[in-house]
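Structure at a glance
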Amino acid sequence: MKNSWPLPRLVRGLWLALIVVTLQACSVDLYTNLDEREANEMVATLLSKGIAAGRVVQKDGKLTVTVDENEFSEAVTALNMAGLPKQKFATLGSVFQQEGLVASPVQERAQMIYALSEELSRTVSEIDGVLSARVHVVLPDNDPLQRNAIPASASVFIRHEAGLDVNPLIPRIKTLVANSISGLTYEKVSVVPVASQRAREPVAGGAELTSFLGLWMLPASVAKARLIFGCLLGCLIAAVGCLGYLAWRRQSRRRKVYQLQPYGPAK
């Protein structure tokens, strides 16, 4: 007699599918279209704040940072405090992409000033402790024959971490900007530092661990663990019930076959 055991395989398949769906349903996309360095920096920052985060590879090779749905607001706050994701700045190549046949001198001058501002803003924002930076460059269109020419100037705005001592950085930033623009002097560069107030606010969901079934995990992950554990326990009970039913059915068939067999030798 042929034994049919497709149901346990189906139960195992449904079990695995339920686990995958449960894990995916608990996570939401935080930021998409990131390169590997940006994604790693974000995930590392969130993990250091006690927020569970992961990476998902997109079809185009870019990465997506995912977090638990219940920790979405805390994750956004933590990344804003860390100045992530970093602001995208235009490059000289992207600014001077030729869109028309001939560019006017006014357009070329405006593009040059904008490109210098973007390049310097990106450089200053790379300084450790600087969360964001903006550099505004003023290059007057002076007449070469004019005696009293208006000097060039620049203003630098930086938002930095609250605990950063910005005073030693100000002379370096002024020197950097002054040496990057022709005709700009050190005295004509002003730096306005502003400490981030959000960095002083505590982030919910600290790094304290909570015990669940003998395992230590983040507090925000306990709810997910309980949900997954409940689903697995339900699948296990269903699988045991199905196996018991199949065993009982098989035993019943054996009894029927045994009862139908003759007791004596056939004449």
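Here goes a summary of the coordinates provided. From a predicted model like this one, the values you see are computed outputs, not experimental measurements.

Here the focus is the nonpolar core. Counting residues in hydrophobic clusters, the biggest one holds 20 residues, and the most contacted among them are Val 124, Val 156, Ile 158, Ile 173, Val 177 and Leu 184. Only helix H5 (105-125), strand S4 (130-138), strand S5 (153-160), helix H6 (169-180) and strand S6 (189-195) provide two or more residues apiece to this core. Those residues in contact with Ile 158 that sit more than four places away from it in its chain are Val 124, Val 130, Ser 132, Ala 133, Val 166, Ile 173, Val 191, Val 192, Pro 193 and Val 194. Core analysis: the next-biggest nonpolar cluster, separate from the first, contains 14 residues, Ala 39, Met 42, Val 67 and Leu 84 among them.

In this section: unusual backbone geometry. A positive phi angle is found at Asn 33, which is not glycine, with a value near 55°. Inspection of the secondary structure puts Asn 33 in strand S1 (residues 27-34).

Because the α-helix completes a turn every 3.6 residues, residues three or four places apart line up on one side. For H6, which comprises 12 residues, the first-to-last C-alpha distance of 17 Å matches the rise-based estimate of 16 Å (1.5 Å per residue) to within 8%. Tucked inside the fold, the buried residues of H6 contact H5, S5 and S6.

With that settled, consider the pairing of strand S2 (residues 53-57). Taken together, the 5 bridges between S2 and strand S3 (residues 63-68) define a ladder with antiparallel strand orientation. When the sheet's bridge partners are listed, Gly 54 is paired in S3 with Thr 66.

Turning next to the environment of Val 65. Here Val 65 shows up in strand S3. Judged by relative accessible area, which is 0%, Val 65 ranks as buried. Distance from Val 65 to Met 42, taken between C-alpha atoms, is 7.6 Å for residues 23 residues apart in sequence.

Bringing the sheet that holds S2 into the picture now. Pairing within the open sheet is antiparallel, and its 3 strands lie in the order S1-S3-S2. Each of the sheet's edge strands pairs with one partner strand only, and the pair in question is S1 and S2. When the angles between neighbouring strand axes are averaged without regard to direction, this sheet yields 30°. With respect to the sheet, helix H2 (residues 36-48) is in contact with S1, S2 and S3, its orientation differing from that of S2 by roughly 160°.

Moving on to H5. Over its 21 residues, H5 runs 30 Å from end to end, which matches the ideal 30 Å to within 8%, given 1.5 Å per residue. For H5, the complete set of buried residues consists of Gln 111, Ile 113, Ala 115, Leu 116, Ser 117, Glu 118, Leu 120, Ser 121, Val 124 and Ser 125.

Here we come to the side chain of Thr 66. Considering the arrangement of structural elements, one finds Thr 66 in strand S3. Since its relative accessible area comes to 12%, Thr 66 is described here as buried. Setting aside chain neighbours within four positions, we find Thr 66 in contact with Ser 27, Val 28, Asp 29, Leu 30, Ala 52, Ala 53, Gly 54, Arg 55 and Val 56.

A sheet is described by the order of its strands in space; here 3 strands give the open sequence S4-S5-S6, paired in mixed fashion. With one partner strand each, in any of the chains shown, S4 and S6 form the two edges of the open sheet. Pairs of neighbouring strands in the sheet enclose a mean axial angle of 15°, with direction left out of account. In the packing of H5 onto the sheet, contacts are made with S4 and S5, and the angle to S4 comes to roughly 155°. Against the sheet, H6 contacts S5 and S6, and its axis sits at roughly 135° relative to S6.

Each value, and the rule that gives it
Residues numbered from 1 in each chain as written. Predicted model: local features only at pLDDT ≥ 70, side-chain atom pairs only at ≥ 80, totals over all residues. Heavy atoms only, no water. Core = buried A, V, L, I, M, F, W, Y, C linked by side-chain atoms within 4.5 Å. Buried < 20%, exposed > 50% of the residue type's maximum accessible area, 1.4 Å probe, protein only. Helix = DSSP H or I, 4+ residues; strand = E, 2+ residues; numbered from the N terminus. Contact = heavy atoms within 4.5 Å. Expected span 1.5 Å × (residues − 1). Pairing = 2+ DSSP bridges. Axes fitted to C-alpha atoms, helices over the stretch in contact; angles between N-to-C directions.

Keep in mind these values describe shape, not function.
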